[in-house]
Amino acid sequence: MLPRKWCLNELKSLLQTSRDEATISGVHAAIIKSGLLQNGNSGSMLIASYSRTGNIDLAHQVFDDLPVRNVSSWNSLLVGYSKTNAPLQALSLYKEMRLGTAKPDSSTFTVAINACTALKDAESGEDVWRSAVESGYGDDVFVSSSMLSFYATFGQMGKAMDVFKGMSKRDVVSWSTMITGFVKIERPREALEMYRKMVKEGIESDGVAMLAMVQACAHIGDLNMASSLHGYMIRRWFPMNGMLQTSLIDMYSKNGKLHYGSTIFRYMSRKNEVSWGVLVSGYVHNGYPIEALELLADMQRHGFWLDEARVVSALLASSQVGLTLLGKEIHGYVIKNLDLNEVLGTALIDTYAKCGMLTEARLLYDRMSSRDLILLNTIIASYGIHGQGQEALSLFLQMIESDIRPDDATFASLLSALSHSGMVEEGQRWFNIMVEDYKIEPMQKHYVSLVDLLARAGQVEKARNLIGKMECEPGLPAWVALLSGCLKNKKFSVGEFAASKVVELKPSSPGIYALASNFFAAARKWDKVLEVRQNMKAAGIRKEPGFSVVELKGMLHRFLAEDTTHPRYVELEPILEELKHEMRAMGYKPRMESVLHNVDEDVKVSMLWSHSERLAIAFGILNTKPGTKLRITKNLRVCEDCHETIKCLSVIAKREIIVRDMKRFHHFKNGKCSCNDYW
């Protein structure tokens, strides 16, 4: 029973503590009877109270019945819509308020900007921000922080930085928003720099900032920083929620410290599909496919399943290392548990193609009932990396006949496919059609494919002229494509110019330095070779060792060049000697020009036979029966001598040998290669 006389403070106290709609309705009646509704604050309190119970319609009714609406009552209803996840209504109410006499304050602008962020309404957001600045709230910490979040949502971190720099007071929310924003647009180094500045200003990190920092460390592979952050969280008894723990697992997995990630996973009190999926991807990424399969099975035993995003992630990791068994297992999982939509179909086709199973990729493509442009681009690119440019072109033409308009990515895939097959005239023709008929402005990737096409075909002067005519600034990939073609065709004059450009641009990849070094070695300019190596050393870049991986029964076996440390190397020596003998009988003669070192002939022969792919193939022959397909993945390009050797080995060993190097696939069978000696 309510007392007969009420004072405003007592009503305020009751409304603030009550969560029961019946009680609020009783207070509401008392306010009306007592005449306190004339007081603007009592109306605002009622609106806020009804909103808290989720009855936003009743809150709006109170608002409509108010004799006088001050900024407090407008804000109460705005906040109510915001908390009930109704940003469209909140923004509409803000616009209605601007037509009246009530002057918006910090809370008004903050809620309105947040509504625009939720709606991804860029134009309205900018309008609200202009009004806030004009009303003197441009430096308000709440309004400014909301605007930071707004710009971060749209990836406009330049504008966000302008707002941030203009803030006289920055709290942990504003700092965290900036850090998270940079991570989302994949600029992790700027996120790290922002974090360091925050620490320097004495701001304590919150969970949002720590989560973003862990993700940033995962992006750039800064294990020291990541370990330091993890240690900080442990020392400060930082609350470890599932999202943060999962991000730590992902970060350690991507930095090669899978045992740390698996330990965090083991001690997680609440595991979900995401945490399971991240660890599965971690095992795949680190070369533990069997453990990944076991974890998938364990995950299902615990009643969890991979969602679409995690399946795509696992397939991506599987394709990177060429794991056929895992790819098939995931395909089976998709069929049993998920709908095979365009996203999953695309990921599976890409995985099959990158695992050397182009036939399986095409079968899946043919069975897809719905095909979007991304899926079509993927199958065209798949034929490209297998050197089947004519089939890629055929699919492209079918796509056009189906009235599907190609985009820039489609033409990039097509031009790359034509380049791998040496289809020079077709490549030039379709490049021109892209520009003239489809009005697609050529990008770096299109020019690079055309330069590669011309240079690989020996037309290096034409390729060099094309670089000079590029609409965009020629980047490192264009000069690398030209240099690669010059090395292949022994075009030393143009090649020396391209090599100088490549070194001048200071690449971060050891493989590109190796290409320049190999070119100068092929030209017998040993002083230039030394200069390139000195540049590498000065840049702190180490030469990447060549290695090959062979997959046998779902296990990956890795061999380095000149590797005698493998536990079963003793068994490989007689196999290698026998293969050498049989190859000589077939007329094989070592191609000494493939050894780009200034050493004696007998040393060159020895170096050729210690190339990593030969060791991997010998191991495959040792452990399989004739007729078995051997799948080899190599981190560098196959040299000419190894290419000839593998053709011989496919005959001697009676096996089809599929080799994936850093550029493309080679299918060796019965003494021939699918590339027809063009690569």
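Refer to the structure above for everything that follows.
Parameters and conventions
- Residues numbered from 1 in each chain as written.
- Predicted model: local features only at pLDDT ≥ 70, side-chain atom pairs only at ≥ 80, totals over all residues.
- Heavy atoms only, no water.
- Helix = DSSP H or I, 4+ residues; strand = E, 2+ residues; numbered from the N terminus.
- Buried < 20%, exposed > 50% of the residue type's maximum accessible area, 1.4 Å probe, protein only.
- Areas by Shrake-Rupley, 256 points an atom, 1.4 Å probe, with all protein chains shown as cover.
- Lys, Arg positive; Asp, Glu negative; His and termini not counted.
- Charge placed at Lys NZ, Arg CZ, Asp CG, Glu CD.
- Salt bridge = Lys/Arg side-chain N within 4 Å of Asp/Glu carboxyl O.
- Pairing = 2+ DSSP bridges.
- Right-handed = clockwise from strand over helix to strand, strands pointing away.
- Expected span 1.5 Å × (residues − 1).
- Arc of directions from axis to C-beta.
- Contact = heavy atoms within 4.5 Å.
- Axes fitted to C-alpha atoms, helices over the stretch in contact; angles between N-to-C directions.
- Parallel < 35°, antiparallel > 145°, perpendicular 65-115°, else oblique.
- Left-handed = near helix turned anticlockwise from the far one by under 90°.
- Nonpolar A, V, L, I, M, F, W, Y, C, P; charged D, E, K, R; others polar.
- Core = buried A, V, L, I, M, F, W, Y, C linked by side-chain atoms within 4.5 Å.

1. Some details on the overall build of the chain
Inference 1: Broken down by element type, the chain carries 36 helices and six strands.
Inference 2: Its C-alpha atoms give the chain principal-axis dimensions of about 115 × 55 × 55 Å.
Inference 3: A burial count over the chain gives 50% of its 679 residues as buried.
Inference 4: Element-wise, carbon and sulfur atoms account for 51% of the exposed surface of the chain, whose accessible area totals about 32,900 Å².
Inference 5: Of the charged side chains in the chain, 80 are positive and 76 negative; the average position of the first set lies 3 Å away from that of the second.

2. Concerning the pattern of salt bridges
Inference 1: Under the counting rule described, the total for this entry stands at 21 salt bridges.
Inference 2: Two residues, Glu-201 and Arg-170, come together in a salt bridge whose shortest N-O distance is 3.8 Å. Here the residue Glu-201 occupies a position in the loop between helix H12 (188-200) and helix H13 (207-220), and Arg-170 occupies one in the loop between helix H10 (157-165) and helix H11 (172-184), the gap between them amounting to 31 residues.
Inference 3: The structure contains a network of salt bridges with shared partners spanning Arg-362, Asp-366 and Glu-391.

3. Quick look at unusual backbone geometry
Inference 1: Notably, Lys-120 is not glycine yet its phi reads approximately 55 degrees, a positive angle.
Inference 2: Of note, Lys-120 is situated in the loop between helix H7 (106-119) and helix H8 (122-134).
Inference 3: A relative accessible area of 57% places Lys-120 in the exposed class.
Inference 4: Backbone geometry places Asn-670, a non-glycine residue, at a positive phi of 55 degrees.
Inference 5: The topology assignment puts Asn-670 in the loop between strand S5 (665-669) and strand S6 (672-673).

4. Focus on the pairing of strand S4 (residues 657-660)
Inference 1: Residues Ile-657 and Val-659 of S4 are buried on one face, and the alternating residues Ile-658 and Arg-660, pointing to the opposite face, are buried as well.
Inference 2: One ladder, built from four bridges, connects strand S3 (residues 630-634) with S4; its direction is parallel. By the bridge assignment, Arg-631 is partnered in S4 with Ile-658.
Inference 3: For the handedness criterion, the β-α-β arrangement of S3, helix H36 (residues 640-652) and S4 is classed as right-handed.
Inference 4: Taking the residues that link successive antiparallel strands as the turn, the S4-S5 hairpin has four residues.

5. Quick notes on H12
Inference 1: Compared with the 18 Å implied by 1.5 Å per residue over 13 residues, the 18 Å span of H12 between its first and last C-alpha is a close match.
Inference 2: Those residues of H12 lying buried are Pro-188, Ala-191, Leu-192, Met-194, Tyr-195 and Met-198. Across the axial projection of H12, the buried residues extend over an arc of 160 degrees, all falling on one side. Across from the buried face of H12, at angles greater than 90 degrees, the exposed residues are Arg-189 and Lys-200.
Inference 3: Check the buried side of H12 and you find it contacts H10, H11, H13 and helix H14 (223-235).
Inference 4: Looking one or two residues past H12, Gly-202 carries a phi angle of roughly 80 degrees, positive in sign.

6. A closer look at the side chain of Ser-131
Inference 1: Residue placement: Ser-131 occurs in helix H8.
Inference 2: Judged by relative accessible area, which is 14%, Ser-131 ranks as buried.
Inference 3: With residues up to four places along the chain from it excluded, the contact list for Ser-131 reads Tyr-94, Arg-98 and Phe-109.

7. Quick word on the packing of helix H23 (residues 373-385) against helix H25 (residues 408-420)
Inference 1: Relative orientation of the contacting elements H23 and H25 amounts to 10 degrees, with a least axis distance of 8 Å. The angle between H23 and H25 falls in the class roughly parallel. For the element pair H23 and H25, the recorded crossing hand is left-handed. For the pair formed by H23 and H25, the contact residues are Leu-373, Asn-377, Ile-380, Ala-381, Gly-384 and Ile-385 on the first element and Ala-409, Thr-410, Ser-413, Leu-414, Ala-417 and His-420 on the second.
Inference 2: Grouping the amino acids of the contact of H23 with H25 by side-chain chemistry returns seven nonpolar, five polar and no charged.

8. Description of the side chain of Ser-319
Inference 1: Looking at the element boundaries, Ser-319 is found in helix H19 (residues 308-321).
Inference 2: Overall, the relative accessible area of 1% leaves Ser-319 in the buried class.
Inference 3: Apart from the residues within four sequence positions on either side, Ser-319 is in contact with Asp-350, Thr-351, Lys-354, Cys-355 and Arg-660.

9. Here's the deal with helix H16 (residues 258-266)
Inference 1: If you check which residues of H16 are buried, you get Leu-258, Gly-261, Ser-262, Ile-264 and Phe-265. Taken around the axis of H16, the buried residues stretch over an arc of 155 degrees, which confines them to a single face.
Inference 2: Of the surrounding secondary structure, the elements contacted by the buried residues of H16 are H14, helix H15 (242-254) and helix H17 (273-285).

10. Looking at the pairing of strand S1 (residues 547-552)
Inference 1: Most of S1 is tucked away, with six of its six residues classed as buried.
Inference 2: Of the two faces of S1, the one lined by Phe-547, Val-549 and Glu-551 and the one lined by Ser-548, Val-550 and Leu-552 are each fully buried.
Inference 3: As judged from the six bridges shared by S1 and strand S2 (residues 555-560), these two strands associate in the antiparallel manner. Paired with Val-549 across the two strands is Arg-558, which belongs to S2.
Inference 4: By the bridge criterion, three bridges tie S1 to S3 in an arrangement that is antiparallel. If you follow Ser-548 over to S3, its bridge partner there is Lys-634.

11. Here's the deal with the nonpolar core
Inference 1: Counting residues in each nonpolar core, the largest one holds 171 residues, and the members touching the most others are Met-178, Ile-179, Val-311 and Leu-482.
Inference 2: If sequence neighbours within four positions are ignored, Ile-179 has contacts with Ala-191, Met-194, Tyr-195, Met-198, Ala-209, Ala-212 and Met-213.
Inference 3: Counting residues in each nonpolar core, the second largest holds 33 residues, with Leu-552, Ala-616, Ala-653 and Cys-675 among its members.

12. Regarding the sheet that holds S1
Remark on secondary structure: sheet strands pair via backbone hydrogen bonds, oriented parallel or antiparallel.
Inference 1: The mixed open sheet is built from six strands, whose spatial order is S2-S1-S3-S4-S5-S6. In this open sheet, the two edge strands, each paired with only one partner strand, are S2 and S6.
Inference 2: Taken strand by strand, H36 contacts S4, S5 and S6, and its axis lies near 40 degrees from that of S5.

Read these as spatial facts, not as claims about activity.
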